[in-house]
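Examining the three-dimensional arrangement
Given next are the chains, with one letter for each unit.
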Amino acid sequence: MTLPEVESPARQDAGWPLEVVTARRPLRWLGAACVLVVLGMVASALVANPAWEWDIVGQYLFAPSVVRSVPLTLELTALGIALGFVLGAVLALMRLSPNRPGVHLALRPQR
């Protein structure tokens, strides 16, 4: 049993271009406005609230012990990134390799 060929309405009226109508999403603008209002309230609470004592925060933030630790933190971050890249490349090459010794170290999905 075969089904008869039926042309779609778009093919039947191919003589004139189709009208493209954009989807209307009025609640998207309302949601964006609400998010902006909430962000403004949070910013106002952070800046204008005297309980935060920003002068004391500045003293602790720029204390000599904290400033001395910033280079060490950046070095450890760079070392971690480099080590992760190297280990990831090695494991990827082990997984793609036809040589089977050590392939059990590369994580493969269970079948």
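Here the structure is a predicted model, which is why all the values come from computation and not from measurement. (Residues numbered from 1 in each chain as written. Predicted model: local features only at pLDDT ≥ 70, side-chain atom pairs only at ≥ 80, totals over all residues. Heavy atoms only, no water.)

1. Digging into the overall build of the protein
Rule in force here: Strands here are runs of E lasting at least two residues and helices are runs of H or I lasting at least four, both read from the DSSP assignment and numbered beginning at the N terminus. Burial classes: relative accessible area under 20% of the type maximum marks a residue as buried, over 50% as exposed, and values in between as partly exposed (1.4 Å probe, protein chains only). Computed with the Shrake-Rupley method and a 1.4 Å probe, the accessible areas treat only the protein chains shown as cover for residues.
Counting its regular elements, the protein contains four helices and zero strands. The helix and strand sequence of the protein, counted from the amino end, reads α-α-α-α. Relative to its full complement of 111 residues, the protein shows a buried share of 5%. Carbon and sulfur atoms form 70% of the exposed surface of the protein, whose accessible area is close to 10,800 Å².

2. Observations regarding helix H4 (residues 64-96)
Since the α-helix packs 3.6 residues into each turn, any two residues three or four apart lie on the same face. Inclusion rule: What a helix is expected to span follows from its residue count: subtract one and scale by 1.5 Å. Throughout, bend refers to the angle between the axes fitted to the seven residues that end at a position and the seven residues that start at it.
Under the 1.5 Å per step criterion, the end-to-end length of H4 is 49 Å for 33 residues, consistent within 8% with the ideal 48 Å. At Val70, H4 shows its maximal bend, which comes to roughly 30°, and the proline Pro71 appears one to four places after that position.

3. Overview of a nonpolar patch on the surface
The cut-off we apply is this: The patch calculation keeps residues exceeding 30% relative accessible area without a salt bridge and links them within 9 Å when they carry like charges or within 5 Å when they are nonpolar (Val, Leu, Ile, Met, Phe, Trp, Tyr). A pair is scored as a salt bridge if a Lys or Arg side-chain nitrogen falls within 4 Å of a carboxyl oxygen belonging to Asp or Glu.
Taken together, Val38, Val42, Leu46, Val47, Trp52, Trp54, Val57, Leu61, Phe62 and Val67 make up a surface patch of nonpolar side chains, about 980 Å² in accessible area. For Trp52, the position within the fold is in the loop between helix H2 (26-48) and helix H3 (54-61). Looking at Trp52, the relative accessible area reads 43%, which means it is partly exposed.

4. Observations concerning the packing of aromatic side chains
Quick note on the threshold: Whether two aromatic rings pair depends on their centres lying within 6.5 Å, for rings of Phe, Tyr and Trp, where Trp uses its six-membered ring; planes under 30 degrees apart make the pair stacked, over 60 edge-to-face, and the rest tilted.
With the rule as written, the count across this model stands at one aromatic pair. Between Trp52 and Trp54, the aromatic rings sit 5.9 Å apart at their centres with planes inclined by 20°, giving stacked as the arrangement.

5. Re the confidence of the model for the protein
Parts of the prediction with low pLDDT should not have their coordinates interpreted in detail. Operational definition: Per residue, pLDDT captures the predictor's confidence, and it can take any value from 0 to 100.
With 77% of its residues at a pLDDT of at least 70, the protein reaches an overall mean of 84. Confidence, read as mean pLDDT per element, is least for helix H1 (residues 9-12) in the protein (56) and greatest for H4 (94).

6. Describing unusual backbone geometry
Even without being glycine, Glu53 reaches a positive phi, approximately 50°. Its location among the elements puts Glu53 in the loop between H2 and H3.

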